[in-house]
Amino acid sequence: MKNKDVILKKLFALQRFGIKPGLERTIKLSEIIGNPHTKFPSIHIAGTNGKGSVCSLLSSIFIEAGYKVGLYTSPHIKDFNERIRINGEKISDEKLVSLVDELLPYQEKFNNTFFEITTVSAFKYFADENIDIAIIETGMGGGFDSTNIINPILSIITKIDVDHSQYLGNTIEKIAFEKAGIMKQNSNTIISQENHKLKKVFEQYSKINKLNFEFSKSQHINNVSFNEDLTMTCD
């Protein structure tokens, strides 16, 4: 088996190509290994502030309820494996090396980025391990974020502020419109009350795409419950 340091060096080397918004490369990479992101239900979280905390909280709730829960977040603090977890346990070095080593040969063909390969690796791991549900944090954006190939049972948008403006837009309204891209048809979206001033942006996006959303009843997103079959209800 190849050494983890060698594999990660190759993976991180892809960062020199920068960020490339768009889903086409991720879709192609996922298709070639059987679309693992379609094998499990998921919850998708975007925003500027608080999305990591919401991901961790939701993961803990589902674990306590007895589910097998995948958690994908970024960036990591100390160890790359922190990005990909099941029931709080980091992916093993052996499994990480195997997944990334499987995907890297396709990089030249599809021109995939660092984050795209990492994302598809996480989805493949979750599918292989037969998780019950995945909690997926976006990288920086929404509509064109590589995590957005999923079709979640719930999307959540936490507080939005100015971030990555060179990619997402030079106003908070443009950034909000881009992050609204995780909203999906035949699904539900809950938006933090802290984004209330951006309501017109979400209404515009929803009207264009024929979507439904609601604002959380408080600054904390806490009015969602799930049945045993992971169908969702909102209070």
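Throughout this document, residue positions are counted from 1 along each chain, in the order its sequence is written. Selection of residues for local features in this predicted model requires a pLDDT of at least 70, selection of side-chain atom pairs for listing and counting requires 80 or more, and totals for whole chains, interfaces and linings are taken over all residues. Hydrogen atoms and water are omitted, and side-chain values are computed over all heavy atoms in the structure.

Engineer: Give me the sheet that holds strand 3 (residues 84–86): which residues, what numbers.
Structural biologist: One open sheet accounts for eight strands, arranged 4-3-2-5-1-6-7-8; its pairing is mixed. Either end of the sheet is taken by a strand with one partner, and the two such strands are strand 4 (89–90) and strand 8 (214–215). The criterion for strand pairing is that DSSP finds at least two bridges linking the strands in question. Think of it this way: any DSSP run of H or I at least four residues long counts as a helix, any run of E at least two long counts as a strand, and we number them from the N terminus. Across four bridges, strand 1 (residues 42–46) lies against strand 5 (residues 133–137) in parallel orientation. Note that in strand 5 the partner of His 44 across the bridge is Ile 136.

Engineer: Describe the packing of aromatic side chains, listing the residues and the values that go with them.
Structural biologist: Stacked, tilted and edge-to-face pairs are distinguished by plane angle, under 30 degrees for stacked and over 60 for edge-to-face with tilted covering the rest, among Phe, Tyr and Trp rings (Trp via its six-membered ring) whose centres lie within 6.5 Å. Counted according to the given criterion, the structure contains 11 aromatic pairs. Residues Phe 177 and Tyr 205 carry aromatic rings whose centres are separated by 5.1 Å and whose planes lie at 75° to one another, so their mutual orientation is edge-to-face. You can see Phe 177 sitting in helix 8 (residues 172–179) and its partner Tyr 205 sitting in helix 9 (residues 199–209), a full 28 residues away along the chain. The classification of residues rests on relative accessible area computed with a 1.4 Å probe and restricted to protein chains. Under 20% of the type maximum is buried, over 50% is exposed, and intermediate values are partly exposed. Note on Phe 177: relative accessible area 31%, which makes it partly exposed. Taken together, Phe 40, Tyr 72, Phe 115, Phe 123, Tyr 125 and Phe 126 form an aromatic cluster joined through their ring pairs.

Engineer: Summarise the packing of helix 8 against helix 9; cite the residues concerned and give the values.
Structural biologist: Direction vectors running N to C along helix 8 and helix 9 enclose 40°, while the axes themselves pass 9 Å from each other. Of the possible angle classes, the one that applies to helix 8 and helix 9 is oblique. You can see that helix 8 and helix 9 cross each other, and the crossing is right-handed. Here Glu 173, Ala 176 and Phe 177 of helix 8 come into contact with helix 9, specifically with Val 201, Phe 202, Gln 204, Tyr 205 and Ile 208. Throughout, the ten residues Ala, Val, Leu, Ile, Met, Phe, Trp, Tyr, Cys and Pro are labelled nonpolar, Asp, Glu, Lys and Arg are labelled charged, and all others, Gly among them, are labelled polar. Taken together, the residues of the contact of helix 8 with helix 9 sort by class into six nonpolar, one polar and one charged. Helix axes are fitted to C-alpha atoms over the stretch in contact, other axes to C-alpha atoms as well, and angles between N-to-C directions run from 0 to 180 degrees. Angle categories: roughly parallel below 35 degrees, roughly antiparallel above 145, roughly perpendicular from 65 to 115, and oblique for all the rest. When the near helix sits turned anticlockwise from the far one by under a right angle, the crossing is termed left-handed; a clockwise turn instead gives a right-handed crossing. Only heavy atoms matter for contacts: two residues are in contact if any of them lie within 4.5 Å across the pair.

Engineer: Tell me about helix 1 (residues 4–13), and name the residues and values.
Structural biologist: All of the buried residues along helix 1 are Lys 4, Ile 7, Leu 8 and Leu 11. Buried residues along helix 1 cover an arc of 95° about the axis, so they all sit on one side. In helix 1, the exposed positions that point more than 90 degrees away from the buried face belong to Asp 5 and Lys 9. Packing partners of the buried residues in helix 1 comprise helix 4 (93–103) and helix 6 (114–128). For the purposes of these results, a polar contact is taken to be a pair of N or O atoms within 3.5 Å, where, inside protein, one atom must be able to donate a hydrogen and its partner to accept one; residues adjacent in sequence count only when each atom of the pair is a side-chain atom. Its side-chain oxygen placed 2.7 Å from the backbone nitrogen of Asp 5, Asn 3 serves as the N-cap of helix 1. The directions considered for the arc are those from the helix axis to the C-beta atoms.

Engineer: Hey, could you go over the nonpolar core for me, with residue numbers and the actual values?
Structural biologist: Within this scheme, the nonpolar core is defined by two criteria: the residues are buried Ala, Val, Leu, Ile, Met, Phe, Trp, Tyr or Cys, and they are joined through side-chain atoms within 4.5 Å. If you look at the biggest cluster of nonpolar residues, it comprises 34 residues, and the most contacted ones within it are Leu 11 and Phe 126. Listed by contribution, the elements that provide at least two residues to this core are helix 1, strand 3, helix 4, helix 6 and strand 5. With nine residues, helix 6 is the single largest residue contributor to this core. Apart from the residues within four sequence positions on either side, Leu 11 is in contact with Phe 80, Val 100, Phe 114, Ile 117 and Thr 118.

Engineer: Report on helix 4, specifying residues and quantitative values.
Structural biologist: Inspection of helix 4 places Leu 96, Val 97, Leu 99, Val 100 and Leu 103 among the buried residues, and these make up the whole buried set. Of the surrounding elements, those touching the buried residues of helix 4 are helix 1, helix 2 (24–31), helix 5 (107–110) and helix 6.

Engineer: Please give an account of the environment of Asn 186 that cites residues and values.
Structural biologist: Of note, Asn 186 is situated in the loop between helix 8 and strand 7 (188–191). Put simply, Asn 186 and Lys 210 are 24 residues apart on the chain and 9.8 Å apart in space, counted from C-alpha to C-alpha.

Engineer: Give a description of the packing of helix 2 against helix 6 that names residues and reports values.
Structural biologist: Between helix 2 and helix 6, the shortest axis-to-axis distance is 10 Å and the interhelical angle comes to 35°. Between helix 2 and helix 6 lies a crossing of right-handed hand. On helix 6, the residues that touch Arg 25, Thr 26, Leu 29 and Ser 30 of helix 2 are Glu 116, Ile 117 and Val 120. For the contact of helix 2 with helix 6, the per-class residue count stands at three nonpolar, two polar and two charged.

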